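Survey of secondary and tertiary structure
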Amino acid sequence: MSFIESVKSEIFKKPIKEKHCRKAFLAGIIRGIGSVFIDNNNELGIDLKVSSEEFAIYLSETFRSIYNYDVREVSVSEDKLNKKDKFVITITGEVAQDILTDLEILTEEEGELVVNLKFYGKLIERECCLRAFIRGLFVAVGSCTLPKNNTANTTGYHLEMVFSHYTPALETSEKLAQFNVITKITRRKENYILYIKRAEEIKDFLAFLPVPVAVLKLTDLMINRELINNSNRQKNCDLGNVTRQIEASQKQVLAIEKIIETIGLDSLKSSLSEVAKARVDNPEETLEELAKRLNLTKSCLNHRLRKLVTIAKEL
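Residues numbered from 1 in each chain as written. Predicted model: local features only at pLDDT ≥ 70, side-chain atom pairs only at ≥ 80, totals over all residues. Heavy atoms only, no water.

A few points about the overall build of the protein chain
On a plain count of helices and strands, the protein chain comes out with eleven helices and ten strands. A buried classification covers 42% of the 315 residues belonging to the protein chain. Element-wise, carbon and sulfur atoms account for 48% of the exposed surface of the protein chain, whose accessible area totals about 18500 Å². (Helix = DSSP H or I, 4+ residues; strand = E, 2+ residues; numbered from the N terminus. Buried < 20%, exposed > 50% of the residue type's maximum accessible area, 1.4 Å probe, protein only. Areas by Shrake-Rupley, 256 points an atom, 1.4 Å probe, with all protein chains shown as cover.)

The following block contains the structure:
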């Protein structure tokens, strides 16, 4: 089960006790995946296309618990893009109109029913209802991808919700910001995408819903990746140090060999000659190891090696 599937499963399994919160949750789902239509009998209807049988059963039970309505029409269609079956719940007639009006999805203007693009009305005035509504919205149009927990690859954290209009995307972003959940909005073809790319902010969003098990999973992943990244940084640092040591040693050996070929080590002071011989005989040793061998401080040894390089340059 992917992370997003586990998040949505956790949401479904968490009972919503209060009826007003169940309504808000249902409204969020319908806002996300509902499609309002007029059928051949000139009756208003709504289609809800969901991605799993679990989701379809949950919706059917929700309609029954809130509106005492038994869903009679459930069909299966193929999602050609993902090659998976979609379950379509269809409600038509007066009951569809009553449900959509009660959930503030339809509103009356000049004697006609129209779709209300304002998501956040009286239905979600309570904070508990706001959380329930955004939970429903996320179940309907949300997704979340995380890096694999056993690698430090470049795949990042990403959470998003897809909106067909800019206004509800902006309203949702502003509502979340009131709870210190920071989101951004971009456009992708005909849709508006509310998204988060930082792990800490994704964790804040999941805590807002709330889905505590998912928060713990994400926290565990973040800790594991930080350990991996720290380990890699240390390895890179160590490798860099070794590379610099090798390059410095090679430079020193080449300088000493030039001195040997031109004026010879006997022309040097005994202190420099001793260091030169030790470096040529032990090119693989670090500065600290060579200093210990010669019973010198690292600073003194480093000074003498630099002096040898300078002499070689002047020859």
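Quick word on helix 6 (residues 166-177)
The first and last C-alpha atoms of helix 6 sit 16 Å apart over twelve residues, in line with the 16 Å expected at 1.5 Å per residue. Every buried residue of helix 6 is accounted for by Pro-168, Ala-169, Glu-171, Thr-172, Ser-173 and Leu-176. (Expected span 1.5 Å × (residues − 1).)

Observations regarding the packing of aromatic side chains
Each aromatic ring pair is characterised by the separation of its centres together with the angle its planes make. For the structure on display, the rule yields ten aromatic pairs. Ring centres of Tyr-120 and Phe-133 lie 5.1 Å apart, and the angle between their planes is 70°; this geometry places the pair in the edge-to-face category. Highlighted residues: Tyr-120 in the loop between strand 6 (112-115) and helix 5 (127-141) and Phe-133 in helix 5, separated in sequence by 13 residues. Residues Tyr-120 and Phe-133 agree in their burial class; the two are buried. (Phe/Tyr/Trp six-rings, centres within 6.5 Å; stacked < 30°, edge-to-face > 60°.)

Some points on the packing of helix 2 (residues 19-33) against helix 5
For any two helices packed against each other, the geometry is given by the interaxial angle and the distance between the axes. Where helix 2 meets helix 5, the closest approach of the two axes is 7 Å, and the angle between their N-to-C directions is 30°. Classified by chirality, the crossing of helix 5 by helix 2 is right-handed. Here His-20, Cys-21, Ala-24, Phe-25, Ala-27, Gly-28, Ile-29, Arg-31, Gly-32 and Ile-33 of helix 2 lie close against helix 5, whose contacting residues are Cys-128, Cys-129, Ala-132, Phe-133, Arg-135, Gly-136, Leu-137, Val-139, Ala-140 and Val-141. (Axes fitted to C-alpha atoms, helices over the stretch in contact; angles between N-to-C directions. Left-handed = near helix turned anticlockwise from the far one by under 90°. Contact = heavy atoms within 4.5 Å.)

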